[in-house]
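# Working through the structure, step by step
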Amino acid sequence: MLEKLQTLEDRYDKLNELLSDPEIVNDSNKLREYSKEQAGLEETVQAYREYKDISQQLDDAKAMLDDGLDDDEMKEMVKEEVSDLSTQKSNLEERLKILLIPKDPNDEKNVIMEVRGAAGGDEAALFAGDLYRMYSRYAESHGWKTEVIEAHESEVGGYKEIIFMVNGSGAYSKLKFENGAHRVQRVPQTESGGRIHTSTATVAVLPEAEEVEVDINEKDIRVDTFASSGPGGQSVNTTMSAVRLTHEPTGTVVSCQDEKSQIKNKEKAMKVLRARIYEKVQQEEQAKYDEHRKSAVGSGDRSERIRTYNFPQNRVTDHRIGLTIQKLDQILEGNLEEIMEALLIEEQTKALEQLGE
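All of these numbers come straight from a predicted model, not from anything done at the bench.

A word on the pairing of strand S10 (residues 315-318). The two faces of S10 match: Arg 315 and Thr 317 on one face and Val 316 and Asp 318 on the other face are all buried. Note that strand S9 (residues 305-310) and S10 share 4 bridges and pair antiparallel. Bridge pairing links Asn 310 to Arg 315 in S10. The loop that links S9 with its antiparallel partner S10 comprises 4 residues; one of these, Asn 314, has a positive phi angle of about 50°. Here 3 bridges tie S10 to strand S11 (residues 323-325), and the two strands are oriented antiparallel to one another. What sits directly across from Thr 317, in S11, is Thr 324.

Rendered as structure tokens:
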């Protein structure tokens with residue numbers, strides 16, 4: 001571990017030199033690449049430097065005890081210092097192990113989330129609306145901005161489908177765990193007999209892809225325009241502002257009608273199209289070797305039931321890690337941190353086990 005940490009520190013120092021090189025400063029692509037790499041190493045390198053400093057202090061304190069101290073009071077002070085420094089060193093070792101876990105390259109990205117009502121008809125659409133509200137509140141608590149890209153409302157409320165972007169540093173690192181099927185158990189308002197119904201909604205979480213990451217040829221995209229519509233399909237304006245993009249090589253189709261401007265709708269639709277194609281490329285490239293996340297928190301497949309929200313018992317259960325929390329009301333208000341932290345710890349634990357194999 002220490003050899004790897006020293007290698008990272010050497011690389012960090014080299015990057016500092018490179019970022020002062022006029023040739024690099026004048027090359028915007030290299031400058032961005034090296035700055036991003038340096039930022040990714042900074043926390044680990046600073047922790048390693050602190051670890052080396054604590055280790056040196058501990059060695060010095062132990063040497064004082066070995067040499068023998070005539071003053072009993074001084075000896076007790078040094079013993080306390082050795083105990084305190086040993087604890088600090090041990091804590092830093094654990095922190096460094098976690099920092100050495102390979103990072104998901106998408107963790108710092110914005111995300112595009114797609115929430116759809118699945119089994120359960122109107123009740124599923126209402127639940128999709130509850131999930132959208134939950135994620136919006138969670139994003140707000142982190143200072144992130146949400147922006148609706150496409151929404152198909154249900155006649156009874158909620159959404160048959162809603163696609164939205166969450167803009168904020170580290171958004172994907174938290175929300176990536178939400179990929180999958182979410183199940184709700186509750187008595188619908190329309191149920192006169194008080195029977196509990198089970199419905200589901202699916203959630204897809206896509207990291208936003210930058211243009212440099214996905215090579216999409218404009219000639220491969222068919223653009224169709226149409227009048228936007230509201231619940232029930234009725235036309236809500238007479239201008240052809242809504243946009244549908246079809247990426248013909250992959251058959252990927254994205255539409256957007258949230259904005260009144262055709263140009264803005266096309267920009268939003270392109271973000272979703274790029275994210276979906278990026279996800280497809282990533283899945284193909286990483287399927288052969290990127291199994292550690294799958295084993296830690298499930299495959300993220302949208303057919304996999306990951307969580308149950310039980311209203312009568314005010315209970316939420318995450319099936320991937322066997323976590324049950326009696327705080328459904330708080331969780332639906334966006335207080336997801338307890339679940340997110342538990343999933344992150346599980347992922348880190350599995351990753352550490354694999355590093356030790």
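Further notes follow.
As a further point, take helix H4 (residues 72-99). At 3.6 residues per turn, the α-helix brings residues three or four places apart onto the same side. Over its 28 residues, H4 extends 40 Å from the first C-alpha to the last, a length consistent with the 40 Å expected when each residue adds 1.5 Å. Looking only at H4, the buried set comprises Val 78, Val 82, Leu 85, Leu 92, Leu 96 and Leu 99.

Moving on, we get to the sheet that holds strand S7 (residues 242-247). Across the sheet, 3 strands lie side by side as S6-S7-S8; this open sheet has antiparallel pairing. The strands lining the two open edges of the sheet, one partner per strand, are strand S6 (221-226) and strand S8 (252-256). Averaged over all pairs of adjacent strands, the angle between strand axes in this sheet comes to 15°, irrespective of strand direction. Examined bridge by bridge, S6 and S7 share 6 bridges and lie antiparallel to one another. Paired with Phe 226 across the bridge in S7 is Ala 242.

Alternating positions in S8 separate cleanly, Thr 252, Val 254 and Cys 256 being buried on one face and Val 253 and Ser 255 remaining unburied on the opposite face. Sheet topology note: the S7/S8 ladder contains 5 bridges and is antiparallel. When the bridges of S8 are listed, His 247 appears paired with Thr 252. Counting the residues in the hairpin turn of S7 and S8 gives 4 residues, including Gly 251, whose phi is positive at 75°.

Further remarks concern the packing of helix H3 (residues 28-67) against H4. It is the contact of H3 with H4, at a shortest axis distance of 9 Å, that shows an interaxial angle of 155°. Considering the angle they form, H3 stands roughly antiparallel to H4. Handedness of the H3/H4 crossing: left-handed. The residue inventory of the contact of H3 with H4, partitioned by class, reads 14 nonpolar, 5 polar and 9 charged.

What follows is about the nonpolar core. With 34 residues, the main nonpolar core has Met 113, Leu 131, Tyr 135, Val 166, Leu 175 and Tyr 309 as its most contacted residues. Listing elements by their share of this core, those giving two or more residues are strand S1 (111-117), helix H5 (122-141), strand S3 (159-167), helix H6 (171-175), strand S5 (197-207), helix H9 (328-331) and helix H10 (337-356). With 8 residues, H5 is the largest single contributor of residues to this core. Those residues in contact with Val 166 that lie beyond four places of it in its chain are Asn 110, Val 111, Met 113, Ala 139, Trp 144, Lys 145, Thr 146, Ala 171 and Leu 175. Ile 149, Leu 206, Ile 216 and Leu 245 belong to the second-largest nonpolar core, a separate cluster that totals 17 residues.

The backbone phi angle of Asn 314 is positive, close to 50°, even though this residue is not glycine. Considering the arrangement of structural elements, one finds Asn 314 in the loop between S9 and S10.

Moving on to the pattern of salt bridges. For the structure shown, the criterion picks out 24 salt bridges. Residues Arg 49 and Glu 9 are paired through a salt bridge, measuring 2.8 Å at the closest nitrogen-oxygen approach. A residue pair is termed long-range when its members are at least 10 positions apart, and Arg 49 in helix H3 and Glu 9 in helix H1 (residues 2-18) qualify at 40 residues. Notably, a salt bridge pairs Arg 49 with Asp 13, separated by 2.8 Å at the nearest N-O pair. Of this pair, Arg 49 sits in helix H3 while Asp 13 sits in helix H1, and the two are 36 residues apart along the sequence. The class of Asp 13 is partly exposed, set by a relative accessible area of 31%. Linked through salt bridges whose partners overlap, the residues forming this network are Glu 9, Asp 13, Arg 49 and Lys 52.

The subject of this paragraph is the packing of aromatic side chains. Summed over all chains, the structure comprises 4 aromatic pairs. Centre to centre, the rings of Tyr 132 and Tyr 159 are 5.8 Å apart; their planes meet at 80°, and the pair counts as edge-to-face. Of this pair, Tyr 132 sits in helix H5 while Tyr 159 sits in strand S3, placing them 27 residues apart in sequence. Considering the side-chain rings of Tyr 132 and Phe 164, the 4.9 Å spacing of their centres and the 70° angle between planes classify their relative orientation as edge-to-face. In this pair, Tyr 132 is assigned in helix H5 and Phe 164 in strand S3, connecting sequence segments 32 residues apart. The two residues Tyr 132 and Phe 164 agree in class, both being buried. Through successive ring pairs, a cluster of aromatic residues spans Tyr 132, Tyr 159 and Phe 164. The aromatic ring of Phe 311 is capped on one face by Arg 186, whose charged end is 4.7 Å from the ring centroid.

Let us now look at the side chain of Glu 114. Assignment of secondary structure puts Glu 114 in strand S1. Exposure remark for Glu 114: the relative accessible area of 5% places this residue in the buried category. A distance of 3.0 Å separates a polar atom in the side chain of Glu 114 from a polar atom in the side chain of Arg 116. Within the local environment of Glu 114, its side chain forms a polar contact with the side chain of Arg 276, the two groups lying 2.7 Å apart. If near-sequence neighbours (up to four positions away) are discounted, Glu 114 is found in contact with Ile 162, Ile 163, Thr 202, Val 203, Ala 204, Leu 206, Val 272 and Arg 276.

Parameters at a glance
Residues numbered from 1 in each chain as written. Predicted model: local features only at pLDDT ≥ 70, side-chain atom pairs only at ≥ 80, totals over all residues. Heavy atoms only, no water. Buried < 20%, exposed > 50% of the residue type's maximum accessible area, 1.4 Å probe, protein only. Helix = DSSP H or I, 4+ residues; strand = E, 2+ residues; numbered from the N terminus. Pairing = 2+ DSSP bridges. Expected span 1.5 Å × (residues − 1). Axes fitted to C-alpha atoms, helices over the stretch in contact; angles between N-to-C directions. Parallel < 35°, antiparallel > 145°, perpendicular 65-115°, else oblique. Left-handed = near helix turned anticlockwise from the far one by under 90°. Nonpolar A, V, L, I, M, F, W, Y, C, P; charged D, E, K, R; others polar. Core = buried A, V, L, I, M, F, W, Y, C linked by side-chain atoms within 4.5 Å. Contact = heavy atoms within 4.5 Å. Salt bridge = Lys/Arg side-chain N within 4 Å of Asp/Glu carboxyl O. Phe/Tyr/Trp six-rings, centres within 6.5 Å; stacked < 30°, edge-to-face > 60°. Lys NZ or Arg CZ within 6 Å of the ring centre and 35° of its normal. Polar contact = N/O pair within 3.5 Å; in protein donor to acceptor, adjacent residues only side chain to side chain.

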